[in-house]
Amino acid sequence: MEQQTEKKKIVFSAIQPSGTITLGNYLGAVKNWVAMQDEFNCIYALADLHTITVRQEPAQFRKNIIDAYASILACGIDAEKSLFFMQSHVTTHAQLAWLLNCYTQFGELSRMTQFKDKSAKHADNVNAGLFTYPALMAADILLYQADMVPVGADQKQHLELTRNIAERFNGLYGNVFKVPEPYIPKNGARVMSLQDPTKKMSKSDENVNACVTLMDSPETIMKKFKRAVTDSEAKVRYAEGKDGINNLMTIYSAVTGLTFEQIEKDFDGKGYGDFKTAVGEAVVEELRPVRERYDKYIADKSYMQECYRKADEIAQKFSQRTLDKAMKKIGFVK
Ligand code: TRP
């Protein structure tokens, strides 16, 4: 972390350890995190505090946290260049979240579409944390004075609220928080279910063939792509109404860097069978080194521990400055 000497912009993002990391998480988010490491001062967190807004079984939760940390490291996050820490290990997050709760309106939180969706989905556990989740997310971002936050479409509303909270706070107390900009990555792919390409790819899908995870074996990945839903036109082209093929083209393009036009040309006159095999093979090759590194990290927990302890400590120090400033402005006695 050399933010003082180099004037690189600060990027902050986080991901929840709510299960195995999927191809959708990878192509939509983590691959871009990796790509941004040279150009920006990147700060990434495993947002484990957010995850308990939905009830977790303790042993499984513990395993998911370690798995997700290892997976994301394995995707290519370089501990020398970027910070990658555990949100729950850095005490300032819950602390600033409480403060920001008092500067966030009930009405604003009520309008969050994710809250509405999740409270419908978990009707037996509509807890206060689920409701105030965006204030914790705002704390994550604002603690690091982030310039930019790469987020997918589903988190844009939360980022907009973060900006409103920051502006409101700054309006009351002067410039305490940097107001962050959303960062829409150039090639952030929105990966859909392989079985129902109108739905986002999700690890909680009942149909196991709908979702590819980073830990799937090459055979499993090939099988899932061969079973992917397509259409009856039998022509590889990107067009409305061809959700299955559009999704496969999006995945293939994100992995190979080829444009849709190039893909259409390459597969002109070829059938869907050939195309599915090519997409599957490209994904297998992309994920092979990720999986190899994952196996290495998971077998050596002490290396991982060393990584997050170092990052946790730096994050704690960095974020403490912002928390102290906010508390002083509010009027707390030091
Ligand atoms: N809420 C985000 C998600 O579920 C994860 C997250 C937590 C996050 N804190 C963040 C993302 C801060 C960006 C910035 O996907």
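Remember, it's a predicted structure, so these values are computed and weren't measured experimentally. (Residues numbered from 1 in each chain as written. Predicted model: local features only at pLDDT ≥ 70, side-chain atom pairs only at ≥ 80, totals over all residues. Heavy atoms only, no water.)

Asks: Account for the site of the ligand, with residues named and values stated.
Replies: Gln16, Tyr133, Met137, Asp140 and Gln155 are the nearest of the 13 residues found near the ligand. In this structure, an oxygen atom belonging to the ligand sits 3.1 Å away from a side-chain N or O atom of Gln16. Within the complex, the protein chains bury 90% of what would otherwise be the 370 Å² of accessible surface of the ligand. Contributing elements (two or more residues each) for the shell around the ligand: β1 (10-15) and α7 (128-143). For the shell around the ligand, the leading source of residues is α7, giving four residues. When its residues are assigned to classes, the shell around the ligand shows eight nonpolar, four polar and one charged. (Near = heavy atom within 4 Å. Polar contact = N/O pair within 3.5 Å; in protein donor to acceptor, adjacent residues only side chain to side chain. Areas by Shrake-Rupley, 256 points an atom, 1.4 Å probe, with all protein chains shown as cover. Helix = DSSP H or I, 4+ residues; strand = E, 2+ residues; numbered from the N terminus. Nonpolar A, V, L, I, M, F, W, Y, C, P; charged D, E, K, R; others polar.)

Asks: So what's going on with the packing of helix α10 (residues 243-256) against helix α12 (residues 272-299)? Residues and values would help.
Replies: It is at 10 Å that the axes of α10 and α12 come closest, and there the two elements cross at 40 degrees. One finds that α10 runs oblique with respect to α12. Note on packing geometry: the crossing formed by α10 with α12 is left-handed. Across from Ile245, Leu248, Met249, Ile251, Tyr252, Val255 and Thr256 in α10, the residues of α12 making contact are Tyr272, Phe275, Lys276, Ala278, Val279, Ala282, Val283 and Glu286. Here the contact of α10 with α12 is composed, by residue class, of 12 nonpolar, one polar and two charged. (Axes fitted to C-alpha atoms, helices over the stretch in contact; angles between N-to-C directions. Parallel < 35°, antiparallel > 145°, perpendicular 65-115°, else oblique. Left-handed = near helix turned anticlockwise from the far one by under 90°. Contact = heavy atoms within 4.5 Å.)

Asks: Tell me what's going on with the pattern of salt bridges, and back it up with residues and numbers.
Replies: The full count for this structure, using the stated rule, is 16 salt bridges. As a salt-bridge pair, Asp154 and Lys200 come within 3.5 Å of each other at their nearest N and O atoms. With Asp154 in the loop between β4 (148-150) and α8 (156-173) and Lys200 in the loop between β5 (181-183) and α9 (218-226), this pair connects stretches of sequence that are 46 residues apart. On the accessibility criterion, Asp154 (40% relative accessible area) is partly exposed. Its relative accessible area of 41% is what places Lys200 among the partly exposed residues. A salt bridge links Asp231 to Lys242; the shortest N-O distance between them is 3.2 Å. Taken together, the residues span a long stretch of sequence, with Asp231 in the loop between α9 and α10 and Lys242 in the loop between α9 and α10 at a distance of 11 residues. Classification of Lys242 as buried rests on a relative accessible area of 5%. Salt bridges sharing partners connect three or more residues here, namely Asp231, Glu233, Arg237 and Lys242. (Salt bridge = Lys/Arg side-chain N within 4 Å of Asp/Glu carboxyl O. Buried < 20%, exposed > 50% of the residue type's maximum accessible area, 1.4 Å probe, protein only.)

Asks: How would you summarise the nonpolar core if you had to cite specific residues and measurements?
Replies: Of all hydrophobic cores here, the largest spans 64 residues; its most connected members are Leu23, Phe225 and Phe275. Both domains that furnish three or more residues to this core are identified here as domain 1 (2-189 + 301-330) and domain 2 (208-294). In contact with Leu23, other than residues within four places in its own chain, are Gly28, Val191, Met201, Val212, Thr213, Leu214, Phe225, Ile251, Val283 and Leu287. Leu109, Tyr133, Ile141 and Leu161 belong to the second largest nonpolar core, which has 41 residues in total. (Core = buried A, V, L, I, M, F, W, Y, C linked by side-chain atoms within 4.5 Å. Domains from an automatic or database assignment.)

Asks: I'd like to hear about the domain arrangement of the protein chain, residue by residue, with values.
Replies: Here the protein chain is partitioned into domain 1 (2-189 + 301-330) and domain 2 (208-294). Relative placement of domain 1 and domain 2: their C-alpha centres are 31 Å apart. The partner domain 2 presents 16 residues to the 14 residues of domain 1 that form the contact. Summing both partners gives a buried area of about 1300 Å² for domain 1 against domain 2, and 72% of it is carried by carbon and sulfur. Run the count over domain 1 and domain 2 and you get one salt bridge. Across the salt bridge formed by Glu286 and Lys31, the nearest N and O atoms sit 3.0 Å from each other. (Buried area = accessible area lost by both parts, 1.4 Å probe.)

Asks: Let's hear about unusual backbone geometry: which residues, and what values?
Replies: For Gln145, which is not a glycine, the phi torsion comes out positive at approximately 50 degrees. Here Gln145 is to be found in the loop between α7 and β4. The class of Gln145 is partly exposed, set by a relative accessible area of 23%. With a phi close to 60 degrees, Ala234 is a non-glycine residue in the positive phi region. Mapped onto the fold, Ala234 is located in the loop between α9 and α10. Judged by relative accessible area, Ala234 falls into the partly exposed class, the value being 48%.

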